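# Report on the structure
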Amino acid sequence: MQYQRSSSLFRSAQAVIPGGVNSPVRAFKAVGGAPVYIEKAKGAYLYDVDGNILIDYISSWGPMILGHAFEPVIEAVKKRAERGTSFGMPTELETQIAELAVQMVPNIDKIRMVNSGTEACMSAIRLARGYTVREKIIKFVGCYHGHSDAFLIQAGSGAMTFGIPNSPGVTQGTARDTLLAQYNDLESVKNHFKQYPDQIAAVIVEPVAGNMGCIPPQTGFMEGLRKLCDDYQTLLIFDEVMTGFRLAKGGAQESLGVNADIITYGKVLGGGLPVGAYASRDEIMDYLAPEGPVYQAGTLSGNPLAMAAGYTMLSYLNQNTEVFESLEGKTKSITSGISSLLDKKSIPFQINRYGSMMSLHFTDQPVVDFRTAALGNNEDFKAYFHGMLNRGVYLPPSAFESYFLNDALSEKDIDFTLSAFEDWLKNK
Ligand SMILES: *Cc1c(COP(=O)(O)O)cnc(C)c1O
């Protein structure tokens, strides 16, 4: 397959957009080469500017869970757009989507709409700090909660050290309030609680991690976090930007059987338009302005176009919960197909999967946290990524990203994908 026009468009973009992209994950830094420029997409397929057709395994990083250009969503957006796209005043649609979300997720009373997952997580932390009157938070190395300052912190040397910023521009002061723990390691969390028993406002976690590949929580890990948070009167925040409305109607909370205090959403919730949200019980949500003292606002929050897309998406998922099983079944077909092909080749690998999230790591060690995810052989991953791209399959362009399947994917597409993989392996 040829990607000349994509390469040329990327060169033009680099002159006027930093790095040529509006979000770094699109730039192919981990795999090399120029990103693929998209002309249009429908169902499971991407149509690029060079005339290639690609089977899509990222689904816009999650939102297109029912496939691209899903007819009911497109219709709802068109209809809504004709009547005006933003008012800065309330619409009934905002109440409708909130009612639906509250019905789908049993342990939330109220939900506040924002414009991105980043905004949702940033606001959730402010709310937790305001509510608990505490300043520190615990986050896990390798978990991504958007690009706000408090979360751009990486491990120093060991779990007990203060975080150091991993982006210039994040102050030492901010970094000091973010304590780092290891995913699937309760001891690393306990140590922080022992040291700061009455200073930790919240523990924020991806209930199924998806930003260091897919890493499911080990048995007891989420339950352990829940108990620690209860013991120390700390709020547990589930970042369900990726898992929400993907793993089940009630997200990871339902799927894992563990309830958080504040839950953040994004991706699927917006149906492909820019939406994030955070939700909790009345007692906590009533701390938000204008009801309470914690301020958070947004000119385009609850935007009618975005709400029309989101409402249509959620309604469909609410009425067709078999989608979640269908997606899981498709994901299993991929993982078992890839496993059996790799087993024959005796190439070291790990496949992680939870629901419709999955990732492939070229390492012989179980991938349970950021450290073990980083052991993967990146040369193999690069070859795999480009090998699949050249055969018409678009995978996440980094070993640290989860695949996002969409339900438009057919059995034929899955067979095609596995044949492409077999062909790549043969020529490796
Ligand atoms: C994508 C993502 C975010 C950030 O959402 P944006 O809409 O990109 O700001 C936050 N948390 C998780 C778990 C995510 O996957």
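Note that this is a predicted model, so its numbers are computed, not measured. (Residues numbered from 1 in each chain as written. Predicted model: local features only at pLDDT ≥ 70, side-chain atom pairs only at ≥ 80, totals over all residues. Heavy atoms only, no water.)

### Here's the deal with the sheet that holds strand β11 (residues 262-265)
Strands pair in a sheet through their backbones, by hydrogen bonds, and they do so in one of two ways: parallel or antiparallel. Note the threshold: Any two strands with at least two DSSP bridges between them are considered paired. Secondary structure counts use DSSP, requiring at least four H or I residues in a row for a helix and at least two E residues in a row for a strand, with both numbered from the N terminus. Helix axes are fitted only over the stretch in contact, all axes being lines through C-alpha atoms; the angle between N-to-C directions runs from 0 to 180 degrees.
Pairing within the open sheet is mixed, and its 7 strands lie in the order β4-β12-β11-β10-β9-β5-β8. On the outer flanks of this sheet lie β4 (110-114) and β8 (178-181), each paired with one strand and no other. Taken over all neighbouring pairs, the strand axes of this sheet differ in orientation by 20° on average, direction set aside. Where strand β5 (residues 136-140) lies against β8, 4 bridges are found, and the strand directions are parallel. If you follow Phe140 over to β8, its bridge partner there is Ala181.

### A few points about the nonpolar core
To be explicit about the condition: To form a nonpolar core, buried Ala, Val, Leu, Ile, Met, Phe, Trp, Tyr and Cys residues must be joined to one another through side-chain atoms within 4.5 Å. Type-normalised accessible area, obtained with a 1.4 Å probe on protein chains alone, sets the label of each residue: buried when under 20%, exposed when over 50%, and partly exposed for intermediate values. Note that the domain bounds were set by an automatic or database domain assignment. By definition in these notes, contact holds between two residues if any of their heavy atoms fall within 4.5 Å.
Formed by 108 residues in total, the largest nonpolar core has its most connected members in Tyr57, Phe140, Tyr183, Leu317 and Tyr384. A per-element tally of this core places helix α10 (residues 304-319) first, with 8 residues. Counting contributing residues, this core receives three or more from each of domain 1 (1-55) and domain 2 (71-319). Residue contacts for Tyr384: discarding those within four places in its chain leaves Ile338, Leu360, Phe362, Leu395, Tyr403, Phe421 and Trp424. The next biggest cluster of nonpolar side chains, apart from the first, holds 21 residues, and it includes Phe151, Tyr278, Ile284 and Leu288.

### Considerations on the pairing of strand β10 (residues 235-239)
Remark: a regular strand shows side chains that alternate across the two faces of the sheet. Quick note on the threshold: Whether a crossover is right-handed depends on one test, that the path from the first strand over the helix to the second runs clockwise when the strands point away from the viewer.
A large share of β10 lies buried, amounting to 5 of its 5 residues. As paired elements, strand β9 (residues 200-205) and β10 share 4 bridges and run parallel to each other. Bridging across to β10, Ile204 finds its partner in Ile237. You can see the chain leave β9, run along helix α7 (residues 221-231) and come back into β10, and the turn it takes is right-handed.

### A few points about the sheet that holds strand β13 (residues 350-354)
Here 3 strands make up an open sheet; going across it, the order is β13-β14-β16 and the pairing antiparallel. The open sheet is flanked by β13 and β16 (403-404), the only strands paired with a single partner. As paired elements, strand β14 (residues 357-361) and β16 share 2 bridges and run antiparallel to each other. Within the sheet, the bridge partner assigned to Met357 lies in β16 and is Phe404. Of the strands in this sheet, β13 and β14 touch helix α11 (residues 322-345), which is tilted by about 170° from β13.

### As for the domain arrangement of the protein chain
Splitting the protein chain by domain gives domain 1 (1-55) and domain 2 (71-319). Of note, the centres of domain 1 and domain 2, computed from C-alpha atoms alone, are 30 Å apart.

### So, the packing of aromatic side chains
We count it as follows: Aromatic rings from Phe, Tyr and Trp, with only the six-membered ring used for Trp, were paired whenever their centres fell within 6.5 Å, and each pair was classed as stacked if the ring planes differed by under 30 degrees, edge-to-face if by over 60, and tilted otherwise. As a reminder, the over-ring test applies to NZ of lysine and CZ of arginine, requiring each to be within 6 Å of the ring centre and within 35 degrees of the ring normal.
With the rule as written, the count across this model stands at 16 aromatic pairs. Aromatic side chains Tyr131 and Tyr287 sit 5.1 Å apart centroid to centroid with 75° between the ring planes, which places their arrangement in the edge-to-face category. Of this pair, Tyr131 sits in helix α4 (residues 117-132) while Tyr287 sits in the loop between α9 (282-285) and α10; the two residues are 156 residues apart in sequence, bridging distant segments of the chain. Through successive ring pairs, a cluster of aromatic residues spans Phe362, Phe381, Tyr384, Phe421 and Trp424. A cation sits over an aromatic face here: Lys40 above Tyr47, 4.9 Å from the ring centre.

### Points about the packing of helix α3 (residues 92-104) against α10
Counted only if it meets this: For classification, angles of less than 35 degrees are called roughly parallel, those exceeding 145 degrees roughly antiparallel, those between 65 and 115 degrees roughly perpendicular, and all remaining angles oblique. The hand of a helix crossing depends on one turn: near helix anticlockwise from the far one by less than a right angle means left-handed, and clockwise means right-handed. Under this grouping Gly is polar, as are all residues other than the nonpolar Ala, Val, Leu, Ile, Met, Phe, Trp, Tyr, Cys and Pro and the charged Asp, Glu, Lys and Arg.
At a minimum axis distance of 9 Å, the contact between α3 and α10 shows a crossing angle of 30°. Judged by the angle between their axes, α3 and α10 are roughly parallel. As for the relative orientation of α3 and α10, their crossing is left-handed in sense. Along its contact with α3, which presents Leu93, Glu94, Gln96, Ile97, Leu100, Ala101, Gln103 and Met104, the element α10 presents Pro304, Met307, Ala308, Gly310, Tyr311, Leu314, Ser315, Leu317 and Asn318. Split into classes, the residues belonging to the contact of α3 with α10 amount to 11 nonpolar, 5 polar and 1 charged.

### Notes on the pattern of salt bridges
For clarity, the cut-off: The salt bridge definition used is simple: a Lys or Arg side-chain nitrogen within 4 Å of an Asp or Glu carboxyl oxygen.
By the definition in use, this model includes 16 salt bridges. Among the ionic pairs, Glu75 bridges to Lys78, the shortest N-O distance being 3.7 Å. Of this pair, Glu75 and Lys78 both sit in helix α2 (residues 71-81), 3 residues apart, which is roughly one turn of that helix. In this structure, Glu187 engages Lys190 in a salt bridge whose closest nitrogen and oxygen atoms are separated by 3.4 Å.

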